[in-house]
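Reading the structure
Each chain, letter by letter, is given below.
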Amino acid sequence: MKNNIFLYIIILNALTFNVYSQKAKLIAADKKYDKFAYIDAIKTYERVAEKGYKSTEMFKNLANSYYFNSDFEKAAKWYAELFEMNSTDLEPEYYYRYANSLKSIGQDEKANELLKLFDKKSGNDSRGKLFAKDRNYLEEIKANSGRYKIEDAGINSEYSDYGTAIYNNEIVFTSARDTGSLGQRKHKWTNQHFTNLYSATLGEDMTPNKPKKFDSRINSRFNESTPVFTNDGQSMYFTRNNFLDGKKGKDGNKITLVKIYKATLKNQKWTDVIDLPFNSDNYSTAHPALSPDGKTLYFASDMPGSIGQSDLFKVEIKSNGTYGIPINLGTTINTEGKESFPYVSDENEIYFASDGHPGLGGLDVFVSTIASDGSFGEVQNLGSDINSSKDDFAYLIDTKSRRGFFSSNKEGGKGYDDIYKFLELKRLSCQQLLYGEITDTKTSSILAATKITLFDNKFNIVSSTQSDDKGNYSFNVQCGKTYYVRAEKSNYKTKEEKIAISTANGKTHLPIALENDKCIVTVGDDLGKCFNIKMIYFDLDKSSIRQEAAFELEKILDVLKQNPTLKLNIRSHTDSRQTAVYNMALSNRRASATIAWLIQNGINSNRLTGKGYGESQLVNNCSDNVICSEEEHQMNRRSEFIITAL
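First things first, this report covers the structure right here in the doc. Model, not experiment: these values are computed from the prediction.

**Details of the overall build of the protein chain**
A count of helical and extended segments in the protein chain gives 11 helices and 35 strands. Taking all 646 residues of the protein chain together, 50% fall into the buried category. Excluding contacts between residues fewer than 6 apart, the proportion of contacts in the protein chain whose partners are at least 24 apart in sequence is 56%. Working note: accessible area of the protein chain is about 31,700 Å², and carbon and sulfur atoms make up 49% of it.

Right under this line is the structure:
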């Protein structure tokens, strides 16, 4: 027996040591995870998991590590393990990530079930609402497909290549191919060598030639990526780790994030690299893009005011070289997920990558039109030629030739990320401009600063704007669709119009005239009509004022107090479904009760008269022995507040 006890103690100690050992490894892996060293964390987590150790936090971190590195097949595997733990307190975000991972490996049905749960659990998350709004998004993506001819760009390496810009008939792009010596540093997040900028001259049909290093004064020992150049070629904006003049910046967690920098071309050399004023050590700014006129810089960031994990922002570039305050592009573009890699064409279209809008998995490329007032049209997925179940991003197009480039880690590529060139064979869809003028119904005068809201046929908000100083408004809309336009202005009655858009390119005119909400009355008019008061309700066979009746009378009371010379004759009417004598007495009591309420609330009795008319002044033919509907009888049960003096 002693030997058995001794053996048991040895086994227990061994097991205890093994548990502590696994926990120690997990703690080490968690630290790597928190520092964004995801690749190292994956190795540790997997070794621990393979030994049968289970932990909700471990499966979260392991799945996230693969998810953040766009390996959705393995992410789905570990999210499945996480969900098998039957944890009841999983954050909604895990339902979304698991669904996105499943979409990426073709399990759409299960992914959609998880998205339904995500929508239910997340409350107001726009990604859930976008999914609920359009359950047929895969059909729409299919309709947008088959429009591109796509080829390998011919400049890819076995490493990561992505993020293109056009400069002086060259393509400038990001690459991790600069492996250098055996001691070349790698980024722990991706296990890739740090990226530099490369360039290649463009031949016929925008085919790149042999790549070369872009500029040693721009490339540093950290990451550089995603450049964009001004129209005159004298300035460039680019992304780099927080590193300038030999100094590396870190946030409060000692992590080096990324910033947007600007360089100037002097004597054919890129110099004077500066840190933009809206950058910060405590959040990232990345992937700059310029408006066609060069006056606006678009970029991605997780700065304060962001809706999701990363949002798209814009900032004014002033004529004196300073910058305005960054503005979030809003909920039409941004979701609680990741929006990144913006590109603005000279046709006022913004292309961007997102995992928050309904797509095929990972990042998909989307497009929206930019209206003259800065608002955005409906966001559309570019289809399955460009997009895949992996990450697809960094789209660029020359609108004249309809040729361009995009980046992806889709299957069949040469490296970690690859650059593809394309020819767009067919436009995404025909476009229409919905426009009109807002005027006053009676005077026909223009109504500036009227709020105009555009809804789709399911009354989901598409966009909103205000009429300009000439009363004009406009929206970019899609051909063949039905919309609702709502116009709202103070002192005017809100009006909503339904409009069907033509199936051909062009413009649709929808003028809207608003009725002034101020009620103009004179002697003999019924003041109750100003407030749509049809009847002061009483309990059956009673004349005491009910609560809902008091609410209506408060409106009359307010007008009387605002207009101290106004006098009223209060009239009460019934339908014919009692005897004439009974109805006359009842209506008299009700007219008297209405007057008494107004007097009790401060109105002088000499301003009020009243009478009950019973069934003597029917407004239709529903008299005795005539069969009428309840609605027809209701028309006769009415209260009137006739103005006798002003």
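**Some thoughts on the packing of helix H9 (residues 547-562) against helix H10 (residues 580-600)**
One way to put it is that H9 packs onto H10 with a least axis distance of 10 Å and a crossing angle of 55°. What the angle tells us is that H9 and H10 run oblique. Relative to H10, H9 is oriented so that their crossing is right-handed. Contacts between H9 and H10 pair Ala550, Leu553, Glu554, Leu557 and Leu560 from the former with Thr594, Trp597 and Leu598 from the latter. A per-class count over the contact of H9 with H10 returns 6 nonpolar, 1 polar and 1 charged.

**Details of the pattern of salt bridges**
Following the criterion strictly, the structure yields 28 salt bridges and no others. Here Glu57 makes a salt bridge to Lys60, at a shortest N to O gap of 3.5 Å. Highlighted residues: Glu57 and Lys60, both in helix H3 (residues 56-68), separated by 3 residues, approximately one helical turn. Using a relative accessible area of 7% as the deciding quantity, one classes Lys60 as buried. In this structure, Arg97 and Glu93 form a salt bridge, with 3.5 Å as the shortest nitrogen-oxygen distance.

**Some thoughts on the pairing of strand E2 (residues 161-167)**
In terms of burial, E2 is a largely internal element, 6 of the 7 residues being buried. Relative to strand E3 (residues 170-175), E2 runs antiparallel, the two sharing 5 bridges. Residue pairing across strands places Asp161 opposite Ser175, the latter belonging to E3. A loop of 2 residues connects E2 with E3, the two strands running antiparallel in sequence, and Asn168 in this loop sits at a positive phi of about 50°.

**Notes on a positive patch on the surface**
A surface patch of like charges, here positive, comprises Arg221, Lys248, Lys250 and Lys254. Looking at the secondary structure, you find Lys250 in the loop between strand E11 (247-248) and strand E12 (258-266). Classification of Lys250 as partly exposed rests on a relative accessible area of 41%.

**Topic: the side chain of Ser463**
Its place among the elements puts Ser463 in strand E27 (residues 461-466). A relative accessible area of 8% means that Ser463 is categorised as buried. Once residues within four sequence positions are removed from consideration, Ser463 is found in contact with Ser375, Phe376, Ile452, Thr453, Leu454 and Phe475.

**A closer look at the environment of Arg127**
Within the secondary structure, Arg127 is located in helix H7 (residues 126-133). Note: C-alpha distance between Arg127 and Thr335 (208 residues apart in sequence) is 6.2 Å. With residues near it in sequence (within four places) discarded, Arg127 still touches Glu93, Tyr96, Phe118, Gln309, Thr335, Glu336, Gly337 and Gly356.

**Some thoughts on the sheet that holds strand E30 (residues 495-500)**
Taking strand neighbours across the sheet as the criterion, the 4 strands line up as E27-E26-E29-E30 in an open arrangement whose pairing is antiparallel. A single partner strand is all that each edge strand has here, and the edge strands are E27 and E30. When strand polarity is set aside, the average angle formed by the axes of neighbouring strands in this sheet is 20°. Examined bridge by bridge, strand E26 (residues 451-455) and E27 share 5 bridges and lie antiparallel to one another. Bridged to Thr453 within E27 is Ser464.

Conventions and cut-offs
Residues numbered from 1 in each chain as written. Predicted model: local features only at pLDDT ≥ 70, side-chain atom pairs only at ≥ 80, totals over all residues. Heavy atoms only, no water. Helix = DSSP H or I, 4+ residues; strand = E, 2+ residues; numbered from the N terminus. Buried < 20%, exposed > 50% of the residue type's maximum accessible area, 1.4 Å probe, protein only. Contact = heavy atoms within 4.5 Å. Areas by Shrake-Rupley, 256 points an atom, 1.4 Å probe, with all protein chains shown as cover. Axes fitted to C-alpha atoms, helices over the stretch in contact; angles between N-to-C directions. Parallel < 35°, antiparallel > 145°, perpendicular 65-115°, else oblique. Left-handed = near helix turned anticlockwise from the far one by under 90°. Nonpolar A, V, L, I, M, F, W, Y, C, P; charged D, E, K, R; others polar. Salt bridge = Lys/Arg side-chain N within 4 Å of Asp/Glu carboxyl O. Pairing = 2+ DSSP bridges. Patch = residues over 30% accessible without salt bridge, like charges linked within 9 Å, V, L, I, M, F, W, Y side chains within 5 Å. Lys, Arg positive; Asp, Glu negative; His and termini not counted. Charge placed at Lys NZ, Arg CZ, Asp CG, Glu CD.

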